[in-house]
Amino acid sequence: MKKIALFLIILTTLSFDTFKEDAFDVGEYFKFRIHYGIVNAGYATLEVKEATINNKKVFHAVGKGYTTGMSKFFFKVEDLYESYFDKENGNPYRYIRKINEGGYTKNQEGIFNQNENRILVKDYKRKSEKTILVTENVQDIVSSFYYLRNHPNIDKLKSGESITIDMFFDEEITKFKLKYIGRQDITTKFGTVTTMVFKPLVQTGRVFKEKESLTLWITDDDNKIPVRIKADLAVGSLKADLDEYKGLKNPFKVKK
């Protein structure tokens, strides 16, 4: 079920609040249950650890996506995304991408030189490497998730306004634009949660029906975590709900 891989990409680019260290810390863990139509397609997880790069303590985020049950039998997905990024400004130092999606594989590592706006991309599958020029303060796909959660404008947006960042993915710079819709209370397995609703603008075509085919609900609290994602695809629909969490830095506000 290739949709599980799509969700991991969506998840790591769809959350939000420059970098205040308010929203998360080492030890945070999320698990999401993913449905494709009525089928339980699999799970995705995100975890924040700590590592040392150049004698400096940094965040080490690990994202995994995998199919389960019959979905795994028909289309096996085992994806791993990792990012090492600065605790003070959120800038990434290194990313890792190892994926297996129905036999389609990639094994890459990227090393950032933020001073020179370059990324050294090592492709271990092809046994090659190249240096790519990038924009200032560019994020990788995983660091984007944490960088945006600490974005200073997230609580200041009015309906219809957007946030845009530069993201490096598949050896290209993508302008990622996030449109704010408004606030909404939704029912989750944890209770009723007040959320901020966003629509990321995506490219229409083979995967998505329209530019606003994605909808994201994030908690309207200091954590800014995604609790639900829905996607109207060219074929079928995708839904993901927060299924488990631990190690949150701030209280998870749930209405009784």
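From a predicted model like this one, the values you see are computed outputs, not experimental measurements. (Residues numbered from 1 in each chain as written. Predicted model: local features only at pLDDT ≥ 70, side-chain atom pairs only at ≥ 80, totals over all residues. Heavy atoms only, no water.)

Things to note about the overall build of the protein chain
- Per the secondary structure count, the protein chain includes 3 helices and 15 strands.
- Looking at the 256 residues of the protein chain, the share that counts as buried comes to 52%. (Helix = DSSP H or I, 4+ residues; strand = E, 2+ residues; numbered from the N terminus. Buried < 20%, exposed > 50% of the residue type's maximum accessible area, 1.4 Å probe, protein only.)

Structural notes on the side chain of asparagine 250
- Here asparagine 250 lies in the segment after β15 (237–246).
- From its side chain, asparagine 250 meets the backbone oxygen of aspartate 222 in a polar contact 3.4 Å long.
- If near-sequence neighbours (up to four positions away) are discounted, asparagine 250 is found in contact with Asp22, Ala23, Asp222 and Asn223. (Polar contact = N/O pair within 3.5 Å; in protein donor to acceptor, adjacent residues only side chain to side chain. Contact = heavy atoms within 4.5 Å.)

Re the packing of aromatic side chains
- Under the definition given, this model contains 15 aromatic pairs.
- With centroids separated by 6.4 Å and ring planes inclined at 85°, the aromatic side chains of phenylalanine 30 and phenylalanine 145 adopt a geometry described as edge-to-face. Residue phenylalanine 30 is located in strand β1 (residues 29–36), and its partner phenylalanine 145 is located in helix α3 (residues 143–149); the two are separated by 115 residues in the primary sequence. Accessibility classification places phenylalanine 30 together with phenylalanine 145 in one group, the buried group.
- Ring centres 6.1 Å apart and planes at 70° place the aromatic pair tyrosine 95 and phenylalanine 112 in the edge-to-face group. Of the two residues, tyrosine 95 is situated in strand β5 (residues 92–101) and phenylalanine 112 in strand β6 (residues 104–113); the sequence distance between them amounts to 17 residues. The pair tyrosine 95 / phenylalanine 112 is uniform in exposure class, with both members buried.
- Among the aromatic side chains, those forming a connected cluster through ring pairs are Phe24, Phe30, Phe32, Phe59, Phe85, Phe145 and Tyr146.
- A cation over a ring is seen here: lysine 31 above tyrosine 43, with NZ or CZ 4.5 Å from the ring centre.
- Over the ring of tyrosine 29 we find lysine 246, and its NZ or CZ is 5.2 Å from the ring centre. (Phe/Tyr/Trp six-rings, centres within 6.5 Å; stacked < 30°, edge-to-face > 60°. Lys NZ or Arg CZ within 6 Å of the ring centre and 35° of its normal.)

Here's the deal with the confidence of the model for the protein chain
- Considering every residue of the protein chain, the mean pLDDT works out to 84; 82% of them sit at 70 or more.
- Mean pLDDT values for the elements of the protein chain range from 53 in helix α1 (residues 3–11) up to 97 in strand β7 (residues 118–123).
- This stretch, residues 14–18, has a pLDDT under 50; its non-local contacts, to residues over four places away or in other chains, come to 40 contacts.
- Within the model, pLDDT remains below 50 along residues 203–210, and this stretch shows 22 contacts once partners closer than five positions in the same chain are excluded. (pLDDT = per-residue confidence, 0-100.)

Quick notes on the nonpolar core
- Phe24, Phe30, Tyr146, Val227 and Leu242 are the most contacted members of the largest nonpolar core, which has 26 residues in total.
- Counting residues per element, the ones that place at least two in this core are β1, β2 (39–53), β3 (56–67), β4 (77–85), α3, β10 (162–169) and β12 (191–200).
- The next biggest cluster of nonpolar side chains, apart from the first, holds 14 residues, and it includes Tyr147, Leu157, Ile163 and Ile229. (Core = buried A, V, L, I, M, F, W, Y, C linked by side-chain atoms within 4.5 Å.)

Focus on the pairing of β12
- Taken across its 10 residues, β12 has 7 buried, putting it largely inside the fold.
- The sheet contact formed by strand β11 (residues 172–188) and β12 spans 10 bridges and is antiparallel. Each residue of the ladder has a partner; that of lysine 179, found in β12, is lysine 199.
- Sheet topology note: the β12/strand β13 (residues 214–219) ladder contains 4 bridges and is antiparallel. What sits directly across from valine 197, in β13, is tryptophan 217. (Pairing = 2+ DSSP bridges.)

Considerations on the pairing of β4
- In terms of burial, β4 is a largely internal element, 8 of the 9 residues being buried.
- Where β3 and β4 come together, 8 bridges link them in antiparallel fashion. Paired with valine 62 across the strands is glutamate 82, a residue of β4.
- As paired elements, β4 and β5 share 9 bridges and run antiparallel to each other. When the bridges of β5 are listed, serine 83 appears paired with tyrosine 95.
- Here β4 hands over to β5 after 6 residues, with glycine 90 in that stretch at a positive phi of 80°.

Regarding the pattern of salt bridges
- For the structure shown, the criterion picks out 17 salt bridges.
- Measuring nitrogen to oxygen at the nearest pair gives 2.8 Å for the salt bridge that ties glutamate 28 to arginine 149. One end of the pair, glutamate 28, is in the loop between α1 and β1; the other, arginine 149, is in helix α3, with 121 residues separating them in the sequence. As far as the burial class goes, glutamate 28 and arginine 149 line up, both buried.
- The shortest N-O distance in the salt bridge between lysine 255 and aspartate 185 comes to 2.8 Å. (Salt bridge = Lys/Arg side-chain N within 4 Å of Asp/Glu carboxyl O.)

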